[in-house]
Amino acid sequence: MTPLTDRHESRNIMSDTLNPSGGAPVVPPASAPEDTAAMPQGAPAAPTSPAAGGGVPPTTGEAPYIPAPSAPQNIPGMPLMYLTGGMKFGWAAAGLLMGPVAILLAWLTNAHNFPEAKNAAVKYSLFGFLAQVLLWVLVFGFFGCAACVAATSIPGYCYY
């Protein structure tokens, strides 16, 4: 029995990953030789690409090579490979509002993600916390300066 008449083999050959025609059944050519042993050793093989009119491409039993996408995608339920701009802004805002708690949250909630995503979340929450510290230093500095100016501008009269 040839692979084209075997039910399981024909289903594997005509799968959507191998069939570029989008699921339409591929009919083998009527002139395909039944026995490849009868062909001479040096004879060129018959065209096998569907575009050349040869029918079904030969399979070796291996899965076809599918190139990886150019940019990794975040798929729901899968670990994050990278953070988007909005995620980075969110971690920075969390660090600004919650301080060291946001750094701990970024570290704990991204433990299952890829190292690049986890490090970015911790880094941007740390940036937010450092911005919070800087704002507090500025606020207390301005308050201290204002208090000193107010205290020294009061005229000191002595009526003795």
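Keep in mind the model is a prediction, meaning the values are calculated, not measured.

Caption draft 1: Up close: the packing of aromatic side chains. The full count for this structure, using the stated rule, is 2 aromatic pairs. On the basis of an interplanar angle of 80° and a centroid distance of 5.5 Å, the ring pair of Tyr124 and Phe127 is categorised as edge-to-face. On the criterion of helical spacing, the pair formed by Tyr124 and Phe127 is a turn pair, its members being 3 residues apart in helix α4 (residues 115-152). The class of Tyr124 is partly exposed, set by a relative accessible area of 23%.

Caption draft 2: Focus on the confidence of the model for the chain. Averaged over all residues, the pLDDT of the chain equals 74, while 55% of them reach at least 70. Looking over the chain, one finds the lowest element-wise mean pLDDT in helix α1 (residues 7-13), namely 48, and the highest in helix α2 (residues 85-98), namely 94. In the predicted structure, residues 8-16 sits below a pLDDT of 50 and forms 13 contacts with residues beyond four places in sequence or in another chain.

Caption draft 3: Structural view of the nonpolar core. Core analysis: the largest hydrophobic core is formed by 9 residues, namely Leu80, Leu83, Trp91, Ala94, Ala102, Ala106, Ala117, Ala120 and Ala121. Broken down by element, this core gets its largest block of residues, 3 residues, from α4.

Caption draft 4: Region of interest: α2. Its 14 residues give α2 an end-to-end C-alpha distance of 20 Å, which sits within 8% of 20 Å, the value for a rise of 1.5 Å per residue. Looking at the buried residues of α2, the elements they touch are α3 (100-109) and α4. Within two residues after α2, Gly99 carries a phi angle of roughly 70°, on the positive side.

Conventions we followed
Residues numbered from 1 in each chain as written. Predicted model: local features only at pLDDT ≥ 70, side-chain atom pairs only at ≥ 80, totals over all residues. Heavy atoms only, no water. Phe/Tyr/Trp six-rings, centres within 6.5 Å; stacked < 30°, edge-to-face > 60°. Helix = DSSP H or I, 4+ residues; strand = E, 2+ residues; numbered from the N terminus. Buried < 20%, exposed > 50% of the residue type's maximum accessible area, 1.4 Å probe, protein only. pLDDT = per-residue confidence, 0-100. Contact = heavy atoms within 4.5 Å. Core = buried A, V, L, I, M, F, W, Y, C linked by side-chain atoms within 4.5 Å. Expected span 1.5 Å × (residues − 1).

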